[in-house]
Amino acid sequence: MEQPISLKENFFKGIIKENPVFVLLLGCCPTLGVTSSAVNGLGMGAATAFVLVMSNLAIALVKNVIPDKVRIPAFIVIIAAFVTVVQLLMAAYTPALNEQLGLFIPLIVVNCIVLGRAEAFASRNTAVASMIDGLGMGVGFTFALLLLGTIRELLGNLSFFGYKLVEADGILIFVLAPGAFITLGFIIATMKWLKERESKRTH
Amino acid sequence: MAAAKSSFLNLVITLTIVTLVASLSLGYVYEWTKEPIAEAQMAKQLKAIESVVSGYDNNPVLESYRLPTPDGRDSLEFFPAKKKGELIGVAVKTKSSKGYSGDIWLMVGFNVNGDIQNIFVIEHKETPGLGSKMTTPKFLQQFMGRNPATMKLTVKKDGGDVDAITGATITTRAFSGAVQTAHETFKKSTVNGAAN
């Protein structure tokens, strides 16, 4: 069904064409939950990207020795192991960020992007291709979270990466949960609009 | 793709190996990060203590002890600040579960008379922009140098002396309650002469 694609295409598809958040709409829980600031979005994205790359690689390597019936449990154990590694590393070296992200780090285990890529890509592709896929998806996810976090922080807190731009209160709703939905909705709408405009032009 | 055969034995063996490898590597990472995590936590506590009591020359974390709260339901951690062996103040780690979301952890610094020197918010999950304002000096200032014996630690709306944060009365109530608990526990400890 899928034709073999070049490594470059494989990498870039995760960023725009198949962006996990804006196009595939996967992993909405951390997307909406942690993106109240740009730093949080970046940290969460990086943690997820690491897990994606490592689990995709590990799963692509062992896919042939894992019987079909226990495929999912085995994948989840592998993913959970990498998530725990990330959590321990963050607790040790970036304690402040770890506290901010809190519960959302262990929740990477159940992030549909990770298991989704393991199932859809890593279990039927080579190790290198899977790593690239994980990296592309991870970068795409990070980009999406960073964009959301930056917009929400700018509007809600009038600051950028924690630096207050104007000494005043922002539009509070943007750092609260509804603001996450509103911002995500507007971004998706904008992307759709851009895409449609482009396809009209080519026709 | 040619997946391995799904015989029962095969399933058991594969899963066992996968979990075994995963747990072994986790054990290794755990050992490796144990020290830095402990250090980060120690640094965090020291930072909190430093910002609420000053002028000590001991390591309050190493001399910390726990005392039960007056209602006996919980116990609080006390960090004595000493200069040349003499007690000059105590940092009390206290918490409230009555906040808007999650526990609020505070470090309250008292001098030997029980005056509040400063309060540091260690951890909270209050609403950003509303309850989170309790970490700002503007809110914390009203507690500095005050003694809870003369300052009624309830929100003005409830007949106390605390100026509530606009839109975050629940947070302010929880905050004041935590400080009150810290003070009561501290007072009891000095009355019993148990302040180390």
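Reading guide: rules and limits
- Residues numbered from 1 in each chain as written.
- Chains lettered and ligands numbered in written order.
- Predicted model: local features only at pLDDT ≥ 70, side-chain atom pairs only at ≥ 80, totals over all residues.
- Heavy atoms only, no water.
- Pairing = 2+ DSSP bridges.
- Helix = DSSP H or I, 4+ residues; strand = E, 2+ residues; numbered from the N terminus.
- Axes fitted to C-alpha atoms, helices over the stretch in contact; angles between N-to-C directions.
- Contact = heavy atoms within 4.5 Å.
- Salt bridge = Lys/Arg side-chain N within 4 Å of Asp/Glu carboxyl O.
- Buried < 20%, exposed > 50% of the residue type's maximum accessible area, 1.4 Å probe, protein only.
- Buried area = accessible area lost by both parts, 1.4 Å probe.
- Polar contact = N/O pair within 3.5 Å; in protein donor to acceptor, adjacent residues only side chain to side chain.
- Core = buried A, V, L, I, M, F, W, Y, C linked by side-chain atoms within 4.5 Å.
- pLDDT = per-residue confidence, 0-100.
- Parallel < 35°, antiparallel > 145°, perpendicular 65-115°, else oblique.
- Left-handed = near helix turned anticlockwise from the far one by under 90°.
- Nonpolar A, V, L, I, M, F, W, Y, C, P; charged D, E, K, R; others polar.

(A) Region of interest: the sheet that holds strand E1 (residues 65–68) of chain B. All names here are of chain B. Spatial ordering of the open sheet is given by E1-E2-E3-E4-E5, a layout of 5 strands whose pairing is antiparallel. With one partner strand each, in any of the chains shown, E1 and strand E5 (116–123) form the two edges of the open sheet. The average angle at which neighbouring strand axes cross in this sheet is 30°, direction not considered. Strand direction decides the pairing type here: strand E2 (residues 75–83) and strand E3 (residues 86–96), joined by 7 bridges, are antiparallel. From the neighbouring strand, alanine 81 faces E3, where its bridge partner is glycine 89. Relative to E5, helix H1 (residues 8–52) is tilted by about 155°, and along the sheet it contacts E2, E3, strand E4 (104–111) and E5.

(B) Inspection of the pattern of salt bridges at higher detail. Applying the stated criterion across every chain, the model contains 12 salt bridges over all chains. A salt bridge links lysine 82 of chain B to glutamate 63 of chain B; the nearest nitrogen and oxygen atoms lie 2.8 Å apart. Residue lysine 82 of chain B is located in strand E2, and its partner glutamate 63 of chain B is located in the loop between H1 and E1; the two are separated by 19 residues in the primary sequence. Residue classification places lysine 82 of chain B among the buried residues on the basis of a relative accessible area of 13%. Here the salt bridges share partners, and the residues they tie into one network are Lys13, Arg117 and Asp133 of chain A.

(C) Looking closely at the interface of chain B and chain A. Facing 28 residues of chain B, the contacting portion of chain A comprises 26 residues. Summing both partners gives a buried area of about 2,300 Å² for chain B against chain A, and 77% of it is carried by carbon and sulfur. Our count for the contact surface shared by chain B and chain A stands at 0 salt bridges. At the surface where chain B touches chain A, the tally comes to 0 residue pairs in polar contact (both at pLDDT 80 or more). The leading source of residues in the side of chain B that touches chain A is H1 of chain B, at 16 residues.

(D) Representation of the nonpolar core in the model. Among the nonpolar cores identified, the biggest contains 39 residues, and Val51 and Ile108 of chain A are the most heavily contacted of them. If you list the elements that add at least two residues to this core, you get helix H2 (28–34), helix H3 (38–62), helix H4 (71–93), helix H5 (95–101), helix H6 (112–120), helix H7 (127–157) and helix H8 (177–202) of chain A together with H1 of chain B. Here the element with the most residues in this core is H4 of chain A; it accounts for 8 residues. Residues contacting valine 51 of chain A, with those up to four places away along its chain left out, are Asn56, Ile79, Phe82, Val83, Val86, Ile108 and Val114 of chain A.

(E) Focus on the confidence of the model for chain B. Overall, the prediction assigns chain B a mean pLDDT of 85, with 94% of residues at 70 or greater. Mean pLDDT values over the elements of chain B span from 86, in E1 of chain B, up to 91, in E4 of chain B.

(F) Inspection of the pairing of E3 of chain B at higher detail. Residues and elements named next belong to chain B. Count of turn residues in the E2/E3 antiparallel hairpin: 2 residues, of which lysine 84 carries a positive phi of about 50°. As judged from the 8 bridges shared by E3 and E4, these two strands associate in the antiparallel manner. Counterpart to lysine 95 in the pairing with E4 is tryptophan 105.

(G) Structural context of the packing of H7 of chain A against H8 of chain A. All names here are of chain A. Contact pair H7 / H8: the axes reach a minimum separation of 10 Å and the direction vectors enclose 120°. When the interaxial angle is binned, H7 and H8 end up oblique. Considering only the axes of H7 and H8, their crossing is right-handed. Contact with H7, carried on its side by Leu147, Leu148, Ile151 and Arg152, involves Ala177, Gly179, Ala180, Thr183, Leu184 and Ile187 of H8 and no other residues of that element. When the residues that make up the contact of H7 with H8 are grouped by side-chain class, the tally is 7 nonpolar, 2 polar and 1 charged.

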